[in-house]
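Working through the structure, step by step
Residue strings, one per chain:
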Amino acid sequence: MLASSTQSSEISPTNWLVRKIEPSNMEMEEKNGNSKYGDARKFDPTFKGPIHNRGCTDILCCILFILAILGYFAVGILAWSRGDPRKVIYPTDSRGQFCGQAGTELEKKPLLFYFNIMKCASPLTLLEFQCPTPQICVDTCPNKFLTLANARLSSKEGEDMNYYKKFCKDVDFSQLTVAEILRDRLCPGMLFPSRNFSRRCLPDLGTKKGGVVVVGDNTTSYIDEDNLTHNASDLLDAAKKSNIAMEARQIFMRIFEDYTQSWHFILIGLVIAMVVSLIFIVLLRFLAGIMVWVMMFMVILVILYGIVHCYLEFAALGGTPGSDVTIRDLGLQTDFSVYLQIRQTWLAFMIILAIVEVVIIILLIFLRKRILIAIALIKEASRAIGHVMSSLVYPLITFFLLSLVIAYWGVTAVFLSTSNEAIYKVFNISECSRSLERCDPKTFSKSNVTAECPDAECQFAFYGGETLYHKYLIVFQFYNLFLFFWCANFVTALGQVTLAGAFASFYWAFKKPDDMPAYPIFASLGRALRYHTGSLAFGSLILSIVQVIRVVLEYLDQKLKGAQNKFAKFLLTCLKCCFWCLEKCIKFLNRNAYIMVAIYGKNFCTAAKDAFFLLMRNIVRVAVLDKVTDFLLFLGKLLIVGIVGICSFFFFSGKIKPIEDATPILNYYWVPILTIVFGSYLIAHGFFSVYAMCVDTLFLCFLEDLERNDGSAERPYFMSERLLETLQKKNEETK
């Protein structure tokens, strides 16, 4: 932004006097009148950029951060020693065994089969998330309707019974009668044609004309093992209730399947996004002015295309049966493609894009003069990055460290959530006072429960625990979340300080690049880790506390959604808004504080105060120059996301005819599209964040340059002549 061209060491006083900027009345007030924001920087002939003779800062916070990291490792080890992710991956039978687990006797039986799916329609399912009926692991789901009595009496008894035994407990019941088998719950009373639904066998029911539900050979009713008659529609209700705890899992499983089918295409899309981002950065380096105007025009064009496409889809659905249904009437659907079949969805997309288009055009019209100045700043930032090319690679280091933090948090969270023990409870059909009591399946047959409740069984209910570890499990989860925010913010802060130190070395080098260190990025990274780990931990700790509070507020908001207390809802909404604003303010202050830490080596609080006062003494320039530049860089990210997103939409929706056969068959084609769009934004943000940090760093250096120097031979500016001319024109316009 405010980089300097290579300047001669011999500069005549006449030339510098020609280049001297005449301060406006506003600037004189900023320099002399606003003492509440501190005194302006004084001229220091020995100041040559980031100070090398510095000491460690915020040592107490550094020690606290190290201890917190050690505690984080301890929580991880504890979780890994007790957790079992198989509880998330595999369904569990009545004995607590995992269906389909490799290396066990159930390895080839990956599906869970319910003896009596009608039992899943009871309220107990909603309370315990477990059906009060025996459940076993099977290799395939039943594909025909058959009762135990019919299987015994069938002319093909051997064939039917051998098929039936695959869905019975692994015991010998050949000498028992049908009534005895059903009494001991050794076999289901009947089998239904079923299908694999999230690794569970649920009835695969058909329908006749008029929506009549049938089972088996067009049978609308059936008789169960208790000799009770049921309608086939009752099975449908039971199947739905048995899956009430699995609705989200179904969606996740379908999404997971889509990822397994399209992951290589997603990687290709992200690589394309990286290449496009890199091309943009390189073009900005050499054609900054042209590329900024191209970015603005292309963003408007891409959003305009989105509006036209939404309108065409909206018009094409006109007159289509069912397309006029509203989103509210449709409700929540697991098949999200249904929403794309109604006109209201495309109308909403079109309105949102139109609003975004109008807002961007209005901003560009009103900021047209300041955009010219911002372009000059981007040109200077391009020159700075040209001298510190290794800065373009540093986002990969940040991305790698953040990936480690996210992976550690995710794995620890899974192990913590699966570190509960299997809880068994008494399930029975008849009334029993011991129902739902905890039991031990190993000793249950010898207990007095069977005497009081002859039909009772000790079955797996859920995962829990009452030990000291389980009582503090929620504390460990909270600690895991808090340390995740702290570590992620620390990694981000480390990247900001590193880049700030490198670009500050560029700005304050009078003869560029001769006065710059040989490896500015590595030199800055070394200073940050050696001297300022405590300051980075301090700033990231403050931000993490606010972010955790926001998470707690979101959790409370979800819990109070069904509440009727309007005052509580209003208060919660106000708190969420206030903490959102507070987080944004802290991020802004932290960013500028880290720049001052990188330059002067002071502790976090002093650096934050100096940065804030410096910005307040130059508040007009902050609003006019810095934020407009951020807006232009945001348009660049938006353009990359738009280009990659549109290309991925055409590919995954099968609209590109020459390569239509290569398109994978997916449940939700929007899954890879949204993944690529989100990943493209992160990649573009990673590359453009270098520019943003460069602009912010050079901007603060520029403000200090104006306060320290006056453009004379004795106190020359460090900024380039081109930037001086641009700012001088701006200065004359404000007089």
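Values in this document were obtained by computation on a predicted structure and should not be read as measured data. (Residues numbered from 1 in each chain as written. Predicted model: local features only at pLDDT ≥ 70, side-chain atom pairs only at ≥ 80, totals over all residues. Heavy atoms only, no water.)

Below, the discussion takes up the overall build of the chain. Secondary structure assignment for the chain yields 25 helices and 12 strands. A buried classification covers 48% of the 735 residues belonging to the chain. (Helix = DSSP H or I, 4+ residues; strand = E, 2+ residues; numbered from the N terminus. Buried < 20%, exposed > 50% of the residue type's maximum accessible area, 1.4 Å probe, protein only.)

So, about a nonpolar patch on the surface. Together, V271, V275, L278, I279, V282, L283, F286, L287, I290 and V294 make up an exposed nonpolar region whose accessible area comes to about 850 Å². For the nonpolar patch, the secondary structure elements donating two or more residues are α10 (247-286) and α11 (288-316). By secondary structure assignment, the location of I279 is in helix α10. (Patch = residues over 30% accessible without salt bridge, like charges linked within 9 Å, V, L, I, M, F, W, Y side chains within 5 Å. Areas by Shrake-Rupley, 256 points an atom, 1.4 Å probe, with all protein chains shown as cover. Salt bridge = Lys/Arg side-chain N within 4 Å of Asp/Glu carboxyl O.)

Below, the discussion takes up the pairing of strand β6 (residues 200-203). As defined by bridge partners, strand β1 (residues 111-114) adjoins β6 across 2 bridges and the pair is classed as parallel. Its bridge partner being in β6, L112 is matched across the sheet by R200. (Pairing = 2+ DSSP bridges.)

We now examine the nonpolar core. Core analysis: the biggest nonpolar cluster contains 121 residues, and F503 and L632 have the highest contact counts within it. Residues in contact with L632, not counting those within four places in the same chain, are V292, M295, M296, I371, A374 and I378. Grouped together as the second largest cluster of nonpolar side chains are 20 residues, C141, L146, M161 and C168 included. (Core = buried A, V, L, I, M, F, W, Y, C linked by side-chain atoms within 4.5 Å. Contact = heavy atoms within 4.5 Å.)

Below, the discussion takes up the side chain of T412. Structurally, the position occupied by T412 is in helix α15 (residues 394-417). Note on T412: relative accessible area 0%, which makes it buried. At 2.7 Å, the side chain of T412 and the backbone oxygen of Y408 are in polar contact. Ignoring sequence-local partners within four residues, the contact set of T412 consists of V75, G76, A79, W80 and N480. (Polar contact = N/O pair within 3.5 Å; in protein donor to acceptor, adjacent residues only side chain to side chain.)

Glancing now at the packing of aromatic side chains. For the structure shown, the criterion picks out 23 aromatic pairs. Between F113 and F115 the ring centres are 6.3 Å apart and the planes differ by 55°, which places this aromatic pair in the tilted class. Considering the side-chain rings of Y163 and F167, the 5.5 Å spacing of their centres and the 65° angle between planes classify their relative orientation as edge-to-face. Look at Y163 and you get buried, because its relative accessible area is 14%. With a relative accessible area of 0%, F167 lands in the buried category. An aromatic cluster of three or more residues is present, and its members are Y72, F73, W80, Y408 and Y479. The ring of F314 carries the charged tip of R343 above its face, separated from the ring centre by 3.9 Å. The residue whose ring lies beneath K602 is Y600, and the NZ or CZ to ring-centre distance is 5.6 Å. (Phe/Tyr/Trp six-rings, centres within 6.5 Å; stacked < 30°, edge-to-face > 60°. Lys NZ or Arg CZ within 6 Å of the ring centre and 35° of its normal.)

Next up on the list: the packing of helix α14 (residues 368-387) against helix α24 (residues 670-708). In contact at an axis separation of 9 Å, α14 and α24 are set at 105° when each is read in the N-to-C sense. Between α14 and α24, the angle falls in the class roughly perpendicular. Of the residues in α24, those touching α14 at I378, E380, A381, S382, A384 and I385 are V690, Y691, C694, V695 and L698. (Axes fitted to C-alpha atoms, helices over the stretch in contact; angles between N-to-C directions. Parallel < 35°, antiparallel > 145°, perpendicular 65-115°, else oblique.)

With that out of the way, let us pick up the state of the cysteines. If you walk through the whole model with that rule in mind, you get 3 disulfides. Two residues, C141 and C201, share a disulfide whose sulfurs are 2.1 Å apart. In this structure, the disulfide formed by C141 and C201 twists by about -85° around the S-S bond and is classed as left-handed. Of this pair, C141 sits in the loop between β2 (135-138) and β3 (146-147) while C201 sits in strand β6, placing them 60 residues apart in sequence. Both residues of the pair, C141 and C201, belong to the buried class. Here C168 connects covalently by a disulfide to C187, the sulfurs 2.0 Å from one another. Taking the sign of the S-S torsion, 115° for the link of C168 and C187, the bridge is right-handed. Remark: C187 occurs in the loop between α8 (178-183) and β4 (190-191) and C168 occurs in the loop between α7 (157-165) and α8; sequence separation between them is 19 residues. Of the two residues examined, C168 and C187, each falls in the buried class. Between C605, a free cysteine, and C61, which holds the nearest cysteine sulfur, the sulfur-to-sulfur gap is 9.5 Å. (Disulfide = S-S within 2.5 Å.)

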